[in-house]
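What follows is the residue order along each chain.
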Amino acid sequence: MASVLRSAIKMVKEKGISNFWKEIKEEGFLDCIIDGNLMETKIHSIGATLVGVDGFGNKYYEKLENTQFGRHRWVEYGDKKRYNASSVPPEWHGWLHYITDRTPEQLQMLKPKRYGAEHRPNLSGEGEEFIYHSKGHALNPGQRGWTRYEPWQPTKI
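So, here's what we can say about the structure. The shown structure was predicted, so the numbers you read here are calculated from the model rather than taken from an experiment.

Definitions and limits used
Residue positions are given per chain, counting from 1 as you read along its sequence in written order. Given that this is a predicted model, residues contribute local features only at a pLDDT of at least 70 and side-chain atom pairs are listed and counted only at 80 or more, while totals for whole chains, interfaces and linings are drawn from all residues. Processing note: side-chain calculations cover all non-hydrogen atoms of the structure and skip hydrogens and water entirely. Helix and strand definitions here come from DSSP, where helices need a minimum of 4 consecutive H or I residues and strands a minimum of 2 consecutive E residues; each element is numbered from the N-terminal end. Between buried and exposed lies partly exposed: a residue is buried under 20% and exposed over 50% of the maximum accessible area for its type, with that area taken using a 1.4 Å probe on protein chains only. Residue contacts are counted whenever heavy atoms from the two residues lie within 4.5 Å of one another. Reported accessibility uses the Shrake-Rupley method at a 1.4 Å probe radius. Residues are deemed covered only where the shown protein chains occlude them. We treat two strands as partners when DSSP finds at least two bridges between them.

## A word on the overall build of the chain
Across its full length, the chain holds five helices and three strands. Start at the N end of the chain and walk to the C end: the helices and strands fall as α-α-α-β-β-β-α-α. A total of 157 residues make up the chain; the buried ones form 25% of that total. Intrachain contacts of the chain at a sequence separation of at least 6 include 41% that bridge at least 24 residues. As displayed, the chain offers around 12200 Å² of accessible surface, 56% of which is attributable to carbon and sulfur atoms.

Right, here's the structure in full:
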């Protein structure tokens, strides 16, 4: 908590009180009052460096001073109402988990041209339209008469 207060005071000194409040409104700190996870992320982001933003609107931060190693890189999800780790593309996943120190912008030069498929989040379990129901499932009306079991009939000699 002390490091959070130090970061906030440092930010007020650097930007001034009016710019500090303006940035608090723009960055969504007022929306954080209801959501504790978002509030923790926003507080932790004070004094951090914005490393990049991906196509889904996720923001990636890094804070090297006064932060425990292993907790100095994090993501603030673009969709504030639905936190889903599958919305993080593989390039940023590698950066977040210290597999590489290069950001996706730096990796773009090394990426072979043959990989053309873009990353899509996994939406399974997020609503009826995304849930798969097998052929015999009661919630799959198009395949209700289907049965896997077929009784064995011996052949007559």
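## Here's the deal with the pairing of strand β3 (residues 73-76)
Neither face of β3 is open: one carries Arg-73 and Val-75, the other Trp-74 and Glu-76, and all of them are buried. In the sheet, strand β2 (residues 59-62) pairs with β3 via four bridges, with the strands oriented antiparallel. Considered in β3, the bridge of Lys-59 is made with Glu-76.

Remember that the coordinates give geometry; whether it matters functionally is a separate question.
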